[in-house]
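Fold and geometry: a report
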Amino acid sequence: MVVLSSCEILDELKKLGIKSSELLQYVIEYSAYSTVRNIQSEDLKD
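Comments concerning the overall build of the protein
Scanning the protein from terminus to terminus reveals two helices and zero strands. Across its three principal directions, the C-alpha atoms of the protein cover 40 × 20 × 15 Å. Out of the 46 residues in the protein, the part that is buried amounts to 7%. For the protein, the exposed area adds up to about 4,300 Å²; of that, 58% sits on carbon and sulfur atoms. Positive and negative side-chain charges of the protein, numbering 5 and 8 respectively, have mean locations separated by a distance of 6 Å.

Rules of the game
- Residues numbered from 1 in each chain as written.
- Predicted model: local features only at pLDDT ≥ 70, side-chain atom pairs only at ≥ 80, totals over all residues.
- Heavy atoms only, no water.
- Helix = DSSP H or I, 4+ residues; strand = E, 2+ residues; numbered from the N terminus.
- Buried < 20%, exposed > 50% of the residue type's maximum accessible area, 1.4 Å probe, protein only.
- Areas by Shrake-Rupley, 256 points an atom, 1.4 Å probe, with all protein chains shown as cover.
- Lys, Arg positive; Asp, Glu negative; His and termini not counted.
- Charge placed at Lys NZ, Arg CZ, Asp CG, Glu CD.

So far we have only geometry, and geometry alone does not tell us how the molecule works.
Next up, the structure:
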C-alpha cells in the first residue's frame with residue numbers, strides 16, 4: 001500500500017482534473033474513511 005501525504009493527495013486529485021471546490025469533499029470523505037480504518041485496526045489489536 002502506498003502512503004501519500006495530504007499535499008500529495010491534493011496534487012494527484014488536481015492532476016485528475018478535480019476542481020478545487022470538489023477537493024474539500026474528497027478530503028472530508030477520505031478523512032472519515034481513514035478514521036474508520038484506524039478504529040477498526042485498533043479493535044483488531046485488542
